[in-house]
Amino acid sequence: MGAAMRRIHVGNALSAFGLGFTVPYLYVYVAQVRGLGSVTAGLVLAVFAVAALIVLPFAGRAIVRRGPLPVLLVALVTAALGALSLGLSASATTVLLSAAALGAGQAVMQPALATMIVDCSTTETRSRAFAMQFFLQNLGLGVGGLIGGHLVDTSKASSFTLLFAIEAAMFLVLVAVMATVRAPRAPRVEEAPGQSAGGSWKQLLGNRAMVQLCVLGFVLFFACYGQFESGLSAYGVEAARISTSALGTALAANTLIIVVAQFAVLKFVERRKRSRVIASVGLIWAVAWAVAGYAGLGHGSQAMATAAFISTYALFGLGEALLSPTLAPLVADLAPTGLAGQYNSAFALVKQLALAIGPAVGGPLGASLHAPYIVAFTLISLGITVLAVRLGRQLTDVQNQPSLARSRVVTQGRAPADAVAAAEA
C-alpha cells in the first residue's frame, strides 16, 4: 500500500468516524434538546437524503473535470461548516440549512474518495483496496457512535455543540491530511479520445452492464441498508418483541461480523466470478429474512426470538462483507477512461435513492404487516440472485473475474473456451 492509498484510507476512516459521531443523535438533538419537535427532526433526516440527491449528479461532472481531490476538499469544508453550524443552531430554519450543508458534503465525499482509490489501484489490487475501505468505514462508524454516546447529555445543549464542533474539527483535519495526497493523475474526460463532457451521462446510460448494475445496486441497498433502522427494527420491536438493548446488540453483531469476516472472505471473493458472489449474497439474505420470519412469526421462546433476530443482522453483515470487494471495483472496471468519477457518483446516487425509499416503504410494512413484509423481502433477496446472474452475461471475463488477467490471456469480450485453452497452451 503506497503513501497515497494510506492517506485515502485514513480519510475514509475519519469521515466515517465523523458520521457515526453525530448522525445517531440527530433526532434527539433536534426534537428534544433544541425543542423543535419530531416533525422538524424528521425533516432534518429527510434533508440529508434530498441534499445528496441534488448534489451527486453535479459532483460526478466536477470529479471528471477537476479531479477527485479538489472536489473532496470542497466537500470536507462544506461538511465542516454544516456540522459547526448545526451545533450552534437553535431555530428550525438554521437547523435545516445546516443539515443540508452537512448532508451534501458527506454525500460528495463517497464518490470522491472512491475515485481516488480507483486512481491509486489496479484491477488486480482494487478488490483489496475497497475491502479495506469498507472495513475502516464500519470501524469508524462504530467507534464514532460509541464515543459520541458517552459525550452527549440530553439535559445540556452544550454537550451536543461540543459533539458537532469535534466533528467539524475532524473534517478540517481530514482536509490537511488529504491535501498532502499525491495520487497518480488519471486522464480527465477532455483527454480521453472520443469522449465529450456533454455526452458522459448519455454514454453511461448506454452502457447496459452499468445500467443493470445500478438496478441491482438499488435492490441491494433497498433490501439491506434501507431496512436496518426502519422496517427491520420496527418489525423486531412489534412482531418479535425485541427490546431496545437487543436491537443495539443486533446492530453491534452486524458490525462485528463485517470487521471479523471482511478479510477472511477476501480470498474467496477474489477467486470467484463477481456475479456469482453477488448472487450468493441474495441467497444469504433470503435466509436472513427467513430467520427474521421465525423471530417474529414463530412460536418459540423470547430468548429464541431474540437470538434469531440478532442472527438476521449477522447474516446481513456476512453479505455486506462479500459485497464490499465486489460492487465498487466492478463500477470502476465498467467506467471508460476518465469517467470513473461520473460512474462512482451515479452509483452513489442510486444508493441514496434506495436509502430514501427503503425506510418509507419498509417502515409501515415492518410495523404492521409482519408476514407480508417478510415474504416480500425474502422474494426481493431471491430477485437479487436472479439480477446478478443476468448481470454476469453482460460482463467480459476479466470484468467478472479480474484474477483471470493474472493467470491467463483473455480476449476482449467473451472468449470461447477453445480460444482460452489455446492461449494457455
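What counts and what doesn't
Residues numbered from 1 in each chain as written. Predicted model: local features only at pLDDT ≥ 70, side-chain atom pairs only at ≥ 80, totals over all residues. Heavy atoms only, no water. Salt bridge = Lys/Arg side-chain N within 4 Å of Asp/Glu carboxyl O. Helix = DSSP H or I, 4+ residues; strand = E, 2+ residues; numbered from the N terminus. Core = buried A, V, L, I, M, F, W, Y, C linked by side-chain atoms within 4.5 Å. Buried < 20%, exposed > 50% of the residue type's maximum accessible area, 1.4 Å probe, protein only. Contact = heavy atoms within 4.5 Å. pLDDT = per-residue confidence, 0-100. Expected span 1.5 Å × (residues − 1). Phe/Tyr/Trp six-rings, centres within 6.5 Å; stacked < 30°, edge-to-face > 60°. Lys NZ or Arg CZ within 6 Å of the ring centre and 35° of its normal.

### Observations concerning the pattern of salt bridges
Where charged atoms from two side chains of opposite charge approach closely, those side chains can pair. This structure, assessed with the given rule, holds three salt bridges. Between Glu270 and Arg128 there is a salt bridge, and its shortest N-O distance comes to 3.4 Å. With Glu270 in helix α13 (residues 266-270) and Arg128 in helix α6 (residues 126-151), the pair connects residues that are 142 residues apart, well separated along the chain. Across the salt bridge formed by Asp333 and Arg274, the nearest N and O atoms sit 2.9 Å from each other. Residue Asp333 is found in helix α16 (residues 327-334), and its partner Arg274 is found in helix α14 (residues 274-297); the two are separated by 59 residues along the sequence.

### Things to note about the nonpolar core
Within the largest apolar cluster, 111 residues are counted, with the highest numbers of intra-cluster contacts made by Met178, Met210, Leu213, Leu220, Leu232, Trp285 and Phe309. Ranked by residues supplied to this core, first place goes to helix α5 (residues 92-119) with 11 residues. The residues contacting Phe309, other than those within four sequence positions of it, are Leu232, Ser233, Tyr235, Gly236, Ile242, Leu247, Ala250 and Ala295. One finds Ala52, Leu56, Ala107 and Ala348 within the second-largest nonpolar core, a separate group that totals five residues.

### Brief notes about the environment of Thr161
Here Thr161 is to be found in helix α7 (residues 157-178). Along the chain, Thr161 and Ser85 lie 76 residues apart, while their C-alpha atoms are 9.1 Å from each other. The residues contacting Thr161, other than those within four sequence positions of it, are Arg34, Gly87 and Leu88.

### So, the confidence of the model for the protein
In this model, the protein carries a mean pLDDT of 81, and residues with pLDDT of at least 70 account for 90%. Low pLDDT, under 50, characterises residues 187-197; the predicted model gives this stretch 26 contacts beyond four residues in sequence or across chains. Predicted confidence is poor over residues 409-425, with pLDDT under 50, and the contacts of this stretch with residues over four places away or in other chains come to 15 contacts.

### As for helix α4 (residues 68-88)
Between its terminal C-alpha atoms α4 stretches 30 Å, which fits the 30 Å expected from 21 residues at 1.5 Å a residue. When we look at burial in α4, the residues that qualify are Pro68, Val71, Leu72, Ala75, Leu76, Ala79, Ala80, Gly82, Ala83, Leu86 and Gly87. Where α4 is buried, its residues touch α2 (26-33), α3 (37-66), α5 and α7.

### A word on the packing of aromatic side chains
Scanning all chains against the criterion turns up 14 aromatic pairs. Taking 5.1 Å as the distance between ring centres and 55° as the angle between the ring planes, the aromatic pair formed by Tyr29 and Phe164 counts as tilted. Of the two residues, Tyr29 sits in helix α2 while Phe164 sits in helix α7, which places them 135 residues apart along the sequence. Both residues of the pair, Tyr29 and Phe164, belong to the buried class. Consider the rings of Trp289 and Phe316, whose centres lie 5.5 Å apart with planes at 85°: the pair is edge-to-face. Separated by 27 residues along the polypeptide, Trp289 in helix α14 and Phe316 in helix α15 (residues 302-323) bring together distant segments of the chain. Accessibility expressed as a relative area gives 0% for Trp289, which makes it buried. Relative accessible area serves as the criterion here: at 0%, Phe316 is assigned to the buried category. Chaining the aromatic ring pairs together yields one cluster made of Phe218, Phe222, Tyr235, Trp285, Trp289, Phe316, Tyr373 and Phe377. Directly above the ring of Tyr225 sits Lys351, whose terminal nitrogen or CZ lies 5.4 Å from the centroid.

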